[in-house]
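Observations on the model geometry
Listed below are the residues making up each chain.
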Amino acid sequence: MAKTLRRKPYIHQDVEMIRSAAYGALSGNAVKLLSLMQTHWRMYEPIAYSVTEAQKRIGCCRGKAHEAFKELESHGFIKLMLDAHFHKQMARKWRLTFRDYNEQKPSDEWRNWTPEN
């Protein structure tokens, strides 16, 4: 009887993106957060990811987790789709700019990032 092969999930990252100035300027916490967020990517729904979850998964303080989100957003890797709602216990919802979203091609905003002087 033939064995059925299971495909393991994996994260695909474009080499051009990894070699970009925007990616190279990211902190280690931001790179780690970006990888973690990719594990939640779905074509038709934004990624719900909170600062608290990032803090726990990255292993840093709340302020550093918040900075990692700001860094990814300012460098063009993520875009806020829906703000958090504390009383409803809803995390912010994000989309990855380098992945398809709702039948739209990636916006790749990271390509336009330039370092500030």
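Everything here concerns the structure above.
Residues numbered from 1 in each chain as written. Predicted model: local features only at pLDDT ≥ 70, side-chain atom pairs only at ≥ 80, totals over all residues. Heavy atoms only, no water.

What follows concerns the packing of aromatic side chains. Aromatic ring pairs are defined here through the distance separating the ring centres and the angle between the ring planes. Taken as a whole, this structure holds five aromatic pairs when the rule is applied. A centroid spacing of 6.4 Å and a plane angle of 75 degrees characterise the contact between Phe77 and Phe98, whose relative ring orientation is edge-to-face. A residue pair is termed long-range when its members are at least 10 positions apart, and Phe77 in the loop between α5 (62-74) and β2 (78-82) and Phe98 in the segment after β3 (93-96) qualify at 21 residues. Residue Phe98 is classed as buried on the basis of its relative accessible area of 9%. Centre to centre, the rings of Phe77 and Trp110 are 6.3 Å apart; their planes meet at 5 degrees, and the pair counts as stacked. With Phe77 in the loop between α5 and β2 and Trp110 in the segment after β3, this residue pair connects regions lying 33 residues apart in the sequence. The class of Phe77 is buried, set by a relative accessible area of 0%. Joined through ring pairs, the aromatic side chains of Tyr23, Phe77, Phe98 and Trp110 make up one cluster. (Phe/Tyr/Trp six-rings, centres within 6.5 Å; stacked < 30°, edge-to-face > 60°. Helix = DSSP H or I, 4+ residues; strand = E, 2+ residues; numbered from the N terminus. Buried < 20%, exposed > 50% of the residue type's maximum accessible area, 1.4 Å probe, protein only.)

With that out of the way, let us pick up the pairing of β3. Two faces, one strand: in a regular strand the side chains alternate between the faces of the sheet. Pairing analysis gives two bridges linking strand β1 (residues 47-48) to β3, with the strands arranged antiparallel. Each bridged residue has a counterpart across the sheet, and for Ile47 the counterpart in β3 is Trp94. (Pairing = 2+ DSSP bridges.)

Reading across the sheet, the three strands line up as β1-β3-β2 and stay open at both edges, with antiparallel pairing between neighbours. Edge positions in the open sheet fall to β1 and β2, since each of these has one partner strand only. In terms of strand pairing, β2 meets β3 through four bridges, oriented antiparallel. Residue pairing in the sheet places Leu82 in a bridge with Lys93 of β3. The strands that helix α3 (residues 28-38) touches are β1, β2 and β3; relative to β3, the one it contacts most, it runs at about 95 degrees. (Contact = heavy atoms within 4.5 Å. Axes fitted to C-alpha atoms, helices over the stretch in contact; angles between N-to-C directions.)

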